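Coordinates in review
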Amino acid sequence: MWNFGVLKNHLIRWIAATCPPIYDGWFLTERYGYKINDRINYLRVELAKKLIRKNYLDISEISNMCGFSHRTYFYNVFKKIEGISPAQYKNEVLPYSGS
């Protein structure tokens, strides 16, 4: 199963392969048009969406597994990226899940 440790390792390898070490943050913004935190949060939300589709974990458990220390921050980041809340996403992808 995916967890934030695996995601973090993947992200570190991607950054190391993509960016000169001195200019990591600047280089990502210039080359790709987003900040490192935006990329990290995007990857966290992608992981959360995969875990939500598995349908056996609570949203708060998923937020912790994806590296969010506060459920409210997870909710805000998820909604900013996806346009809907994690619960709404779960109801859309699992309409008969009973949640």
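Summary of the structure given here. Every chain begins its residue count from 1, and numbering advances along the sequence as written. Reporting of local features is limited, given that this is a predicted model, to residues whose pLDDT is at least 70; pairs of side-chain atoms are given and counted only at 80 or more, and all residues count toward the totals for whole chains, interfaces and linings. Side-chain descriptors were evaluated using all non-hydrogen atoms of the structure, hydrogens and water having been removed beforehand.

Attention now goes to the overall build of the chain. Think of it this way: any DSSP run of H or I at least four residues long counts as a helix, any run of E at least two long counts as a strand, and we number them from the N terminus. Counting its regular elements, the chain contains six helices and zero strands. Note on classification: 1.4 Å probe, protein chains only; a residue is buried when its accessible area is under 20% of the maximum for its type, exposed when over 50%, partly exposed between these limits. Within the chain, the fraction of its 99 residues that count as buried is 31%. In these tables, accessible area is a Shrake-Rupley quantity obtained with a 1.4 Å probe, and a residue counts as shielded only by the protein chains included in the view. A total accessible area of about 6,400 Å² is found for the chain, and carbon and sulfur atoms account for 53% of it.

To continue, consider the side chain of asparagine 41. Mapped onto the elements of the fold, asparagine 41 is located in helix 3 (residues 36-54). When its relative accessible area of 11% is taken as the criterion, asparagine 41 is described as buried. In contact with asparagine 41, not counting residues within four places along its chain, are Phe68, Tyr73, Val77 and Ile81. The contact criterion used is simple: two residues touch if any of their non-hydrogen atoms lie within 4.5 Å.

So, on to the side chain of lysine 49. By the secondary structure assignment, lysine 49 is in helix 3. If near-sequence neighbours (up to four positions away) are discounted, lysine 49 is found in contact with Phe78, Glu82 and Tyr89.

Glancing now at the packing of aromatic side chains. Each Phe, Tyr or Trp ring, with Trp reduced to its six-membered ring, pairs with another whose centre is within 6.5 Å; inter-plane angles below 30 degrees give stacked pairs, above 60 give edge-to-face pairs, and intermediate values give tilted ones. All chains considered together, the criterion is met by four aromatic pairs. In textbook terms, an aromatic cluster arises when at least three aromatic residues are bridged by ring pairs, as seen for Phe68, Tyr73, Phe74, Phe78 and Tyr89. For a Lys NZ or an Arg CZ to count as sitting over a ring, it must be within 6 Å of the ring centre and within 35 degrees of the ring normal. The residue whose ring lies beneath arginine 44 is phenylalanine 68, and the NZ or CZ to ring-centre distance is 4.5 Å.

A word on helix 6 (residues 86-93). Listed in full, the buried residues belonging to helix 6 are Pro86, Tyr89 and Lys90. End-on view of helix 6: buried residues confined to an arc of 100°, all on one side of the axis. Those residues of helix 6 that are buried lie in contact with helix 3, helix 4 (59-65) and helix 5 (71-82). Directions from the helix axis toward the C-beta atoms define the arc.

Here the focus is helix 5. Expected helix span is given by 1.5 Å per residue-to-residue step, counting one fewer step than there are residues. Between its terminal C-alpha atoms helix 5 stretches 16 Å, which fits the 16 Å expected from 12 residues at 1.5 Å a residue. Listing the buried residues of helix 5 in full gives Phe74, Val77 and Phe78. Buried positions in helix 5, seen along its axis, are confined to an arc of 100° and lie on one side of it. Structural note: helix 5 exposes Thr72 and Lys80 on the side pointing more than 90 degrees away from its buried face. For helix 5, the secondary structure elements touched by its buried residues are helix 3, helix 4 and helix 6. One or two steps after helix 5, the chain reaches glycine 83, where phi turns positive at roughly 85°.

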